[in-house]
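Listed below are the residues making up each chain.
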Amino acid sequence: MLWELLLEHKGKVLGVLAGLLFGIIFLIVGFWKTVVFILFVAAGFFIGRKLDDKEDLREILDRILPGKFK
């Protein structure tokens, strides 16, 4: 029964867990450190998604920072 409820509402459950995690991080380390943490997580997700799509890491970095990775 609990598994059925979790599977039926997995987006809500994951959202609540993510909010709880970020709320705890906010309370422990503060606002700006939490913002930096979220930016690092987003950057990691972005790079990971690009690598999953078989894009070259140097090409990605060259688009972000032109002329630095040739």
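## With respect to the side chain of Thr34
Structurally, the position occupied by Thr34 is in helix α3 (residues 31-52). Given the relative accessible area of 5%, Thr34 is considered buried. In terms of polar contacts, Thr34 uses its side chain to reach the backbone carbonyl oxygen of Gly30, at 2.6 Å. Aside from chain neighbours lying at most four places away, what touches Thr34 is Phe22, Ile25, Phe26 and Val29.

## Focus: the packing of helix α2 (residues 10-29) against α3
At their nearest, the axes of α2 and α3 sit 7 Å apart, and the two run at 135° to each other. Taken together, the axis directions place α2 and α3 in an arrangement best described as oblique. Seen along the crossing, α2 lies across α3 with a hand that is right-handed. Taken together, the residues of α3 that come into contact with α2 (itself represented by Phe22, Ile25, Phe26 and Val29) are Phe31, Lys33, Thr34, Phe37 and Ile38. Considered class by class, the residues forming the contact of α2 with α3 number seven nonpolar, one polar and one charged.

Rules used in this analysis
Position labels on residues start from 1 in each chain and follow its written sequence. Whole-chain, interface and lining totals are the exception, using all residues; otherwise, since this is a predicted model, local features are given only for residues with pLDDT of at least 70 and side-chain atom pairs are given and counted only at 80 or more. The basis for the side-chain values is all heavy atoms of the structure; hydrogens and waters are excluded. Strands here are runs of E lasting at least two residues and helices are runs of H or I lasting at least four, both read from the DSSP assignment and numbered beginning at the N terminus. Each residue is placed in one exposure class: buried if its accessible area under a 1.4 Å probe, protein chains only, is under 20% of its type's maximum, exposed if it is over 50%, and partly exposed if it falls in between. Polar contacts, as used here, are pairs of N or O atoms within 3.5 Å; protein pairs need one atom able to donate a hydrogen and one able to accept it. Residues neighboring in sequence count only if both atoms are side-chain atoms. Contacts: residue pairs with any heavy atoms within 4.5 Å of one another. For helices, the fitted line uses only the C-alpha atoms of the stretch in contact; every axis is such a line through C-alpha atoms, and the angle between N-to-C directions lies from 0 to 180 degrees. Here the angle decides the label: under 35 degrees means roughly parallel, over 145 means roughly antiparallel, 65 to 115 means roughly perpendicular, and every other value means oblique. In this scheme the handedness of a crossing depends on how the near helix is turned from the far one: anticlockwise by less than a right angle means left-handed, clockwise means right-handed. In the scheme used here, Gly and all other residues not listed as nonpolar or charged are polar, with Ala, Val, Leu, Ile, Met, Phe, Trp, Tyr, Cys and Pro taken as nonpolar and Asp, Glu, Lys and Arg as charged.

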